[in-house]
Amino acid sequence: MTLPAAAGCALSLLLPPRVEIGMAATYGQHMDRYDDGRRACRAVLVKRLGRRGWERALARGVAHRQLPCGSVVRLYDLRSQRQVTAQIVDRGPYGALLGRRWVLKRKQSDPGHWRGVLDILPPTARRIRLTGLDPVILQVVR
C-alpha cells in the first residue's frame, strides 16, 4: 500500500507534533557496501547504557537524521500493519538532494527517489516485516 503524495500531505496536517509519516528502508544488511558497521550514536549510548545496553539497543535500532541518540520511537508499518518500539542508534538516511527529490546513493540496484524518514536495522525490520521501501508512521515515545 502506498500513500499518494496529496494524501500524505493532508495526513501530516492531522498528526501530532512528535509523529512523522514517510518511507523506511532496511540498512546494515550483510554485504551492504555502503555500511561500514560504525554507528554515529555508539559512544554516547555505550557511555549512557553500558556495552550490554548498547547491544540491546542495536538489536532494535534505527537511524534518523534529527532525533537525538537514544530516543525511543514507536514504528507502525502501514503495509504489514505491525508495530515495534525501537531506539535511535545512528544517523541517516542520507542521499543526494537533487531539486526537491532525494536520490538514494546507497543502493545501486534501487536508484529511485528517496523521501525516507528513517533507516531500519535488520533485526527491527524483521519484527515489522519490512520489505524494501515501506510507508511507516514514526511516533517519538521519549
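What counts, and where the lines are drawn
- Residues numbered from 1 in each chain as written.
- Predicted model: local features only at pLDDT ≥ 70, side-chain atom pairs only at ≥ 80, totals over all residues.
- Heavy atoms only, no water.
- Pairing = 2+ DSSP bridges.
- Helix = DSSP H or I, 4+ residues; strand = E, 2+ residues; numbered from the N terminus.
- Polar contact = N/O pair within 3.5 Å; in protein donor to acceptor, adjacent residues only side chain to side chain.
- Contact = heavy atoms within 4.5 Å.
- pLDDT = per-residue confidence, 0-100.
- Core = buried A, V, L, I, M, F, W, Y, C linked by side-chain atoms within 4.5 Å.
- Buried < 20%, exposed > 50% of the residue type's maximum accessible area, 1.4 Å probe, protein only.

What follows deals with the pairing of strand β4 (residues 82-90). The pairing of strand β2 (residues 61-63) with β4 spans three bridges and is parallel. If you follow G61 over to β4, its bridge partner there is Q87. Of the pairings in the sheet, the one linking strand β3 (residues 72-77) to β4 comprises six bridges and is antiparallel in character. Note that in β4 the partner of V72 across the bridge is Q87. Linkage of β3 to β4, two consecutive antiparallel strands, is achieved through a turn of four residues, within which Q81 is found at a positive phi near 60°.

Relative to the helices and strands, D134 resides in strand β9 (residues 133-140). At 2.9 Å, the side chain of D134 forms a polar contact with the side chain of R79. Among the polar contacts listed, one links the side chain of D134 to the backbone nitrogen of T131, at a separation of 3.2 Å. Setting aside its immediate chain neighbours within four residues, D134 contacts G22, M23, A24, D77, R79 and R129.

A few words on the confidence of the model for the protein. Averaged over every residue, the pLDDT of the protein is 78; the share at 70 or more is 69%. Mean pLDDT across the elements of the protein ranges from a minimum in strand β5 (residues 96-98), with 40, to a maximum in β3, with 95. Segment residues 96-113: pLDDT under 50, and 35 contacts once partners within four positions in sequence are set aside and those in other chains are kept.

Looking now at the nonpolar core. Membership of the largest hydrophobic core comes to 17 residues, with the highest contact counts inside it found for V62, V73, L75, L118, I120 and L138. C41, L45, V89 and L121 belong to the second-largest nonpolar core, a separate cluster that totals nine residues.

Another point: the environment of A86. Examined against the element boundaries, A86 turns out to sit in strand β4. Taking relative accessible area as the criterion, A86 reaches 0% and is therefore assigned buried. Residues contacting A86, with those up to four places away along its chain left out, are R60, V62, S71, V72, V73, L75 and T124.

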